[in-house]
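# Architecture and fold: a report
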Number of protein chains: 2
Amino acid sequence: MGAFFVKAEIIAVGTELLLGQISNTNGQFLARTLADIGIDTYYQTVVGDNQKRLESVLKLAQTRSDLIITIGGLGPTEDDLTKQTVAKHLGKQLVPDKKALARLQGFYTQSQRPLTPNNQIQAYYVADATVLDNDHGLAVGSASTVDGVSYILLPGPPSEFKPMVTHKLRPLLIAMTHHDEFLLSRVLRFYGIGESLLATELDDLIVSQTNPTLATYAKDHEVTLRLTAKAPQKAEAVKLLNDLEAKVQARVGDYFYGYGDDNSLQKVVVNALIAQKTTLTAAESLTGGLFQSMIAEVPGASEVFAGGFVTYAMAQKAKMLAIPLKDLEKNGVVSQQTAAAMALQSKQRLGADIGIGFTGVAGPDKLEDQQAGTVYIGLAFKDQPVDVKLFHFPRQRNDVRTNAAMAGFFMIFQALQAERH
Amino acid sequence: MGAFFVKAEIIAVGTELLLGQISNTNGQFLARTLADIGIDTYYQTVVGDNQKRLESVLKLAQTRSDLIITIGGLGPTEDDLTKQTVAKHLGKQLVPDKKALARLQGFYTQSQRPLTPNNQIQAYYVADATVLDNDHGLAVGSASTVDGVSYILLPGPPSEFKPMVTHKLRPLLIAMTHHDEFLLSRVLRFYGIGESLLATELDDLIVSQTNPTLATYAKDHEVTLRLTAKAPQKAEAVKLLNDLEAKVQARVGDYFYGYGDDNSLQKVVVNALIAQKTTLTAAESLTGGLFQSMIAEVPGASEVFAGGFVTYAMAQKAKMLAIPLKDLEKNGVVSQQTAAAMALQSKQRLGADIGIGFTGVAGPDKLEDQQAGTVYIGLAFKDQPVDVKLFHFPRQRNDVRTNAAMAGFFMIFQALQAERH
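Just so it is clear, the structure is predicted and the values come from calculations on it, not from any experiment. (Residues numbered from 1 in each chain as written. Chains lettered and ligands numbered in written order. Predicted model: local features only at pLDDT ≥ 70, side-chain atom pairs only at ≥ 80, totals over all residues. Heavy atoms only, no water.)

It is worth spelling out the overall build of chain A at this point. Within chain A one finds 16 helices and 17 strands. The principal-axis extent of the C-alpha atoms belonging to chain A is close to 85 × 55 × 40 Å. Residue pairs at least 24 apart in sequence account for 67% of intrachain contacts in chain A once pairs closer than 6 positions are excluded. A total accessible area of about 17800 Å² is found for chain A, and carbon and sulfur atoms account for 51% of it. (Helix = DSSP H or I, 4+ residues; strand = E, 2+ residues; numbered from the N terminus. Contact = heavy atoms within 4.5 Å. Areas by Shrake-Rupley, 256 points an atom, 1.4 Å probe, with all protein chains shown as cover.)

Within soluble globular proteins, side chains that are nonpolar tend to cluster in buried spots. Within the largest apolar cluster, 89 residues are counted, with the highest numbers of intra-cluster contacts made by Leu265(A), Phe291(A), Ile412(A), Leu265(B), Phe291(B) and Ile412(B). Not counting chain neighbours up to four residues away, the residues in contact with Phe291(B) comprise Leu280(B), Ala282(B), Glu284(B), Ile356(B), Phe358(B), Ala405(B), Gly408(B), Phe409(B) and Ile412(B). (Core = buried A, V, L, I, M, F, W, Y, C linked by side-chain atoms within 4.5 Å. Buried < 20%, exposed > 50% of the residue type's maximum accessible area, 1.4 Å probe, protein only.)

Another point: the environment of Leu90(B). Residues and elements named next belong to chain B. Here Leu-90 lies in helix α4 (residues 82–90). Separated by 36 residues in sequence, Leu-90 and Val-126 place their C-alpha atoms 8.8 Å apart. Sequence-distant contacts of Leu-90, defined by excluding residues within four places in its chain, comprise Val-126, Val-146 and Tyr-151.

Another point: the UniProt feature "domain: MoaB/Mog" (unreviewed entry) in chain A. Taking the UniProt record as the reference, the feature "domain: MoaB/Mog" (unreviewed entry) is found at residues 9–175 of chain A. For residues 9–175 of chain A, helix accounts for 44% and strand for 23%, while the C-alpha atoms at its two ends are 19 Å apart. (UniProt positions renumbered as here; feature names shortened; annotations may be inferred.)

Taken as rigid bodies, chain A and chain B are interconverted by a rotation of 180° and an axial shift of 0.2 Å, the fit giving an RMSD of 0.3 Å. The relationship between the two copies is best expressed as a two-fold rotation axis. Interface overlap between copies: 100% of the residues of chain A at the interface are likewise at the interface in chain B, consistent with a symmetric, same-surface contact. (Least-squares fit on C-alpha atoms with pLDDT ≥ 70 in both.)

Since there are 3.6 residues in each turn of an α-helix, residues three or four apart along the chain are aligned in direction. All names here are of chain B. With twelve residues, helix α2 (residues 25–36) should cover 16 Å at 1.5 Å per step; its first-to-last C-alpha distance of 17 Å lies within 8% of that length. In terms of burial, α2 is largely enclosed, as nine of its twelve residues are buried. Listed as buried for α2 are Asn-26, Gly-27, Gln-28, Leu-30, Ala-31, Arg-32, Thr-33, Leu-34 and Asp-36. Where α2 ends, the next residue or the one after it, Gly-38, has phi of about 85°, a positive value. (Expected span 1.5 Å × (residues − 1).)

Looking now at the sheet that holds strand β13 (residues 280–284) of chain A. Here we have ten strands laid out as an open sheet, ordered β17(A)-β16(A)-β15(A)-β13(A)-β14(A)-β14(B)-β13(B)-β15(B)-β16(B)-β17(B), and mixed in their pairing. Since the sheet does not close on itself, it has two edges, and those belong to β17 (387–392) of chain A together with β17 (387–392) of chain B, each with one partner. Here the average twist between neighbouring strands, direction ignored, is 15°. Bridging between strand β15 (residues 354–360) of chain A and strand β16 (residues 374–381) of chain A involves seven bridges; their strand directions are antiparallel. Across the sheet, Gly357(A) pairs through a bridge with Gly378(A), a residue of β16(A). (Pairing = 2+ DSSP bridges. Axes fitted to C-alpha atoms, helices over the stretch in contact; angles between N-to-C directions.)

Note on aromatic pairs: each is described by the distance of the centres and the angle between the planes. Inspection of the entire model under this criterion finds 20 aromatic pairs over all chains. Each ring, one from Phe190(A) and one from Phe256(A), has its centre 5.9 Å from the other, and the planes form 65°; the classification is edge-to-face. Pair noted here: Phe190(A) is in strand β9 (residues 182–190) and Phe256(A) is in strand β12 (residues 256–259), with a separation of 66 residues, a long-range link. According to the relative accessible area criterion, Phe190(A) is buried, its value standing at 0%. Judged by its relative accessible area of 13%, Phe256(A) falls in the buried class. Residues Tyr312(A) and Phe305(B) carry aromatic rings whose centres are separated by 5.3 Å and whose planes lie at 50° to one another, so their mutual orientation is tilted. Placement of the pair is Tyr312(A) in the loop between β14 (307–311) and α13 (314–321) and Phe305(B) in the loop between α12 (290–296) and β14 (307–311), with the two residues belonging to separate chains. (Phe/Tyr/Trp six-rings, centres within 6.5 Å; stacked < 30°, edge-to-face > 60°.)

Attention shifts here to unusual backbone geometry. All names here are of chain A. Cis geometry is adopted by the peptide bond preceding Pro-212, which originates at Asn-211 and carries an omega value of 0°. Within the secondary structure layout, Pro-212 lies in the loop between α9 (203–208) and β10 (213–219). Unusually for a residue other than glycine, Asp-147 sits at a positive phi of about 50°. Of note, Lys-382 is a non-glycine position whose phi angle comes to about 50°, a positive value.

All names here are of chain B. Take Leu-115: it is sitting in the loop between α5 (98–110) and α6 (117–120). With eleven residues separating them along the chain, Leu-115 and Leu-104 place their C-alpha atoms 8.2 Å apart. Excluding its chain neighbours within four sequence positions, the residues that come into contact with Leu-115 are Leu-104, Gln-105, Tyr-108 and Gln-120.

Time to look at the layout of surface pockets. In this structure, the second largest pocket spans a volume of roughly 890 Å³. Along the wall of the second largest pocket there are 31 residues; nearest its centre are Leu19(A), Gln21(A), Thr213(B), Leu214(B) and Ala215(B). When residues of the lining of the second largest pocket are traced back to their parent elements, those giving at least two are α1 (15–18) of chain A together with α2, α8 (195–201), α9 (203–208), β10 (213–219) and β11 (222–231) of chain B. When residues of the lining of the second largest pocket are assigned to their parent elements, the largest contribution, five residues, is made by β10(B). In terms of residue class, the lining of the second largest pocket is made up of 13 nonpolar, eleven polar and seven charged. (1 Å grid on protein atoms, 1.4 Å probe; cavity = no way out; pocket = protein on both sides within 12 Å on 5 of 7 lines; lining within 4 Å. Points joined across faces, edges and corners; volume = space filled by probe spheres on them. Nonpolar A, V, L, I, M, F, W, Y, C, P; charged D, E, K, R; others polar.)

In this assembly, 57 residues from chain A lie in contact with 57 residues from chain B. Of the roughly 4400 Å² buried between chain A and chain B on both sides combined, carbon and sulfur atoms contribute 55%. The interface formed by chain A and chain B contains zero salt bridges. Where chain A meets chain B, there are 16 residue pairs in polar contact (both at pLDDT 80 or more). Per element, the largest residue contribution to the side of chain A that touches chain B is seven residues, and it comes from strand β2 (residues 40–47) of chain A. Taken together, the residues that form the side of chain A that touches chain B break down as 28 nonpolar, 21 polar and eight charged. When β14(A) meets β14(B), the two strands line up antiparallel, connected through five bridges. By the bridge assignment for β14(B), Thr311(A) is matched with Gly307(B). (Buried area = accessible area lost by both parts, 1.4 Å probe. Salt bridge = Lys/Arg side-chain N within 4 Å of Asp/Glu carboxyl O. Polar contact = N/O pair within 3.5 Å; in protein donor to acceptor, adjacent residues only side chain to side chain.)

Glancing now at the sheet that holds β9(A). Residue and element names in this part refer to chain A. Pairing in this open sheet of four strands is antiparallel, and the strands run β10-β11-β9-β12 from one edge to the other. Each end of this open sheet is capped by a strand with a single partner; those strands are β10 and β12. For this sheet the average axis-to-axis angle between neighbouring strands, irrespective of direction, equals 25°. In the sheet, β10 pairs with strand β11 (residues 222–231) via seven bridges, with the strands oriented antiparallel. The partner of Leu-214 across the bridge, within β11, is Leu-227.

The next point concerns the domain arrangement of chain A. Residues and elements named next belong to chain A. Segmentation of chain A into domains returns domain 1 (8–177), domain 2 (182–259) and domain 3 (265–420). Taken together, the contact between domain 1 and domain 2 spans five residues of the former and five residues of the latter. For the pair domain 1 and domain 2, the two sides together bury roughly 510 Å², of which 48% comes from carbon and sulfur. At the junction of domain 1 and domain 2, the tally comes to one salt bridge. One salt bridge in this structure joins Asp-36 and Arg-226, with 3.1 Å as the shortest N-O distance. Run the count over domain 1 and domain 2 and you get one residue pair in polar contact (both at pLDDT 80 or more). The set of elements that each furnish at least two residues to the side of domain 1 that touches domain 2 consists of α2 (25–36) and α7 (158–177). A class-by-class count of the residues in the side of domain 1 that touches domain 2 yields two nonpolar, no polar and three charged. (Domains from an automatic or database assignment.)

The next point concerns empty space enclosed by the protein. Within this structure, the stated rule accounts for five cavities of 30 Å³ or more. In this structure, the largest cavity is lined by 21 residues; those nearest its centre are Asn24(A), Gln44(A), Asn24(B), Gln44(B) and Val46(B). If you list the elements that add at least two residues to the lining of the largest cavity, you get β1 (7–13), α2 and β2 of chain A together with α2 and β2 (40–47) of chain B. Tallied by class, residues from the lining of the largest cavity come to eight nonpolar, 13 polar and no charged. In this structure, the second largest cavity spans a volume of roughly 70 Å³. In this structure, the second largest cavity is lined by Thr45(A), Val57(A), Leu60(A), Arg64(A), Glu9(B), Thr45(B), Val57(B), Leu60(B) and Arg64(B). Contributing elements (two or more residues each) for the lining of the second largest cavity: α3 (51–64) of chain A together with α3 (51–64) of chain B.

Dropping the structure here:
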């Protein structure tokens, strides 16, 4: 390689992939990682566990790409042929990696199973390659460069593949392609704005910027934006990111809630509550416990969440929350008044600092003559007057429920922010 | 085509796929559909929105495959080049489909937007092809056969792609490959047995059977098994499936819970409760509302589910469920006695026919000196004595919670079954 401009090609090996029995999530993960560090992928191929066909794919790839990355086929079974096929393609031997072999022997000794030659192959790599240690499994990866083409071999199980890409391959590729540059990424997370609207708001930045670059990714019910800067020194890269982020925040900061790949709206909210020692409860009708289960997803949630109510039927809104039945009948279950009462009563009965109430129509059918997707969320935030918001969510039943739960977290997020300012 | 043996190749077109911005779920869906009807896929390729590279991929595919299916690139933007590239590759013109053109004109008239030539292209197809109507969008698909190679062009948006595969392409391919045969599939769903154990139990059937065939698919926390039979008449195909299913049920029937692709354990349980007019409630600690939200996922759940409790902290188990605090302190929160009390008290307080209680350690930390993954589930089923089961789930925090909720549904499923026998 050496040159900055690299044409990458990803080859995923596995009959299970070809038959659609498993999804090629590894390919997507790798393509994103390559894009993030400025490497363009031109082709992705999936081929079965078949030596002849894999050979033909390698031969073709060699003519059109200078970085060839294979996924899978490094294991101990007869189906695992990638290593052998690449070695043959390059006219090289397979040689053992002492460290991996020792690990392998240790593993088999400990589990009191015989170490067969089949299993030993996992510690072998293509001669002259750089070994990529597998910290989460037994099969080593490798990186070779022959005649200007680099061959990277990675294991298939996602639990081994992803850490190897992030911790071994990514730094290696950065070193190979960015000799004297520092590469720095920052992920911003947004809720309440669609990907296309976010892209429109930032269109000129996305189009004109080459350093730092911006890329949007749509996730379920949220959008993330990745900023990537390169510079000779880390401090300069940080400054580039700070300047670009300031422009982004000025335009779409109202929808921003946090940083990082491994983050979520509920994590940000629950952690803020923990930091501020503020307790939370909920009364859920259409969401049926989803909001509370999203709280419980966050480690440490028990510090701020003691429990809450699922009040699906009107009678239980009356009984569990002590809301007068005549009020419910008069106002309707799907109403501003009921959402407010659910928030207030749950807060009061649990003795929490915040109570939130969800009522609405998940669908598919109408309820109280209101369309599916109609949702009221009431927020009783400390001693402030109850705030009720009305939403009209589109789409399917479970999207309505997830949308409602996310909207509830965002209302709490905004209330916490308002309090700090 | 004509011959039964077909070598298929899938080409997904789109720079967003190449960069990993979206996942190639279409490719997986199509590969599974092909496998189900006995067509083998040998290669899958992803290529960007680039005419030259798509051309080179088509040229190669023509040499090694006799069924080439492209996904994407049929839309109105400049990036959409698939139709034009295939037409050029085959030396054919693009011609308008009158029906699609009329639909397109109607759509633009109705939305009061001008119909530009760019947009019209969506109603064009490769001359001499069979048009595949798009019932969920504007861009038509097509199927041509030239020099013994079939070219199928499908739209990229999953909401258009999947129905076209299921309702247009699948019957077309069955007609092309199974001239005088009837093809019938049946999906069996299992809970509580891993894919590899299921495959081991059925190994001889999977290996030896060619008609009907068996294929296992692992899903989150469950396994499905697809039986596919072919025969000249439907009745014979049904008999083949019945005979094979009987063998399967004799071996692994204890784990079987239902039929069909679009099904789930919670659907089967909630629908059985509705049919038997049996009401349900829950008290959830570690699952934090997840079990109840899975009930609420099922349309019609309100007929049997009025509400329930999320009792995360010990104090709320005491207060909301009226379990004596001294009992909780004596037995511990993660205990058989507490799970039983949660089940009984929730049932009694809601006046439901069934109460279920979940308590355990989601992790990552230990609780009451018990390992993460330790879960007690109590089931108070009508007037039967409370049944408490202890589970030791492996893996991560949210897997423990989902595993626990699923195990709860399976306990109810088994109790309902026992009652019927």
